[in-house]
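Okay, here's what each chain looks like letter by letter:
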Amino acid sequence: LLFHQLKYQKSNQISLRFYKIYAIIFIIIAILTAAGEKMKNVLELLEKSTLIYPDKTAFADVENSDSYSELTEKAKAVGTFVARKQIKNRAIAVYMTQSVSSVEAMLGILYSGNHYVVIDGKMPENRIQNIFSIVRPSLIICDEEHFELSEELGVDFCCVSDIVRTEPDKSLLN
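These numbers were taken from a predicted model, which means no experiment stands behind them. (Residues numbered from 1 in each chain as written. Predicted model: local features only at pLDDT ≥ 70, side-chain atom pairs only at ≥ 80, totals over all residues. Heavy atoms only, no water.)

Chemist: Just to check I follow, could you spell out the side chain of threonine 50 for this structure?
Modeler: For threonine 50, the position within the fold is in helix 3 (residues 42-52). Taking relative accessible area as the criterion, threonine 50 reaches 14% and is therefore assigned buried. Within the structure, threonine 50 has its side chain in polar contact with the backbone oxygen of leucine 46 (distance 2.8 Å). Separated by 2.6 Å, the side chains of threonine 50 and threonine 72 make a polar contact. The contact partners of threonine 50, leaving out residues within four places of it in the chain, are Tyr68, Ser69 and Thr72. (Helix = DSSP H or I, 4+ residues; strand = E, 2+ residues; numbered from the N terminus. Buried < 20%, exposed > 50% of the residue type's maximum accessible area, 1.4 Å probe, protein only. Polar contact = N/O pair within 3.5 Å; in protein donor to acceptor, adjacent residues only side chain to side chain. Contact = heavy atoms within 4.5 Å.)

See below:
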């Protein structure tokens, strides 16, 4: 059915791209399931995909793209950075524009044994303050665009472009 829909969606390139992504994910899951593998979480799926397709594009935005191996390496760098701060089982805010870097940050937070809260940069400041008062993140990971705004929130923060340069330490990661 999915491939049947692909055939008739050629006029809309965006829809076609999303159907292809869903088809690839479905095929990867089917292959791993057929091999008797059971995925426990998204990080395990990322690791398996990295082994199978290390040089294939995992995520792309208008300006950047990451292969599976690049995405995994950068996510582990973020995870190592957070783990070295001795933060565990806490909320960490991802305050940036939707991009490849935001995916690196989210996966890295999961590697560190924490959970993420995505803060949309387009939200009004009072809404962001309200979310922070409820969630109380231990750290903010931001991009350059939201660096100055992150300073005003009164929480420890760091820029993802600096964090991804951290040397991954597998002993610190989940």
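Chemist: Could you clarify how one ought to interpret helix 3 in this entry?
Modeler: Quick reminder: α-helices carry 3.6 residues per turn. Residues three or four places apart thus point the same way. Buried within helix 3 are the following residues: Leu43, Leu46, Ser49 and Thr50. Here the buried residues of helix 3 occupy an arc of 125° about the axis, which is enough to place them on one side. Sitting at the amino-terminal end of helix 3 is asparagine 41, which places a side-chain oxygen 2.9 Å from the backbone nitrogen of leucine 43. (Arc of directions from axis to C-beta.)

Chemist: Any chance you could explain a negative patch on the surface here in plain terms?
Modeler: Residues Glu125, Glu148, Glu151 and Glu152 make up a contiguous surface patch of negative charge. Among the structural elements, glutamate 125 can be located in helix 6 (residues 125-135). (Patch = residues over 30% accessible without salt bridge, like charges linked within 9 Å, V, L, I, M, F, W, Y side chains within 5 Å. Areas by Shrake-Rupley, 256 points an atom, 1.4 Å probe, with all protein chains shown as cover. Salt bridge = Lys/Arg side-chain N within 4 Å of Asp/Glu carboxyl O. Lys, Arg positive; Asp, Glu negative; His and termini not counted. Charge placed at Lys NZ, Arg CZ, Asp CG, Glu CD.)

Chemist: Which parts of the structure should I look at to understand the nonpolar core?
Modeler: Buried together is how nonpolar side chains tend to be arranged in soluble globular proteins. Grouped together as the largest cluster of nonpolar side chains are 24 residues, with contacts concentrated most on Val82, Ile92, Leu107, Leu139 and Ile141. Breaking this core down by element, the ones donating at least two residues are helix 3, helix 4 (68-84), strand 3 (91-95), helix 5 (100-111), strand 5 (139-142) and helix 8 (160-163). Here this core takes 6 residues from helix 5, the largest share from any one element. If we skip the residues at most four places from it in the chain, leucine 107 touches Val42, Leu43, Leu46, Leu71 and Ala75. Membership of the second largest hydrophobic core comes to 12 residues, among which are Ala91, Val117, Ile131 and Cys142. (Core = buried A, V, L, I, M, F, W, Y, C linked by side-chain atoms within 4.5 Å.)

As far as function goes, none of this settles anything; it's purely spatial.
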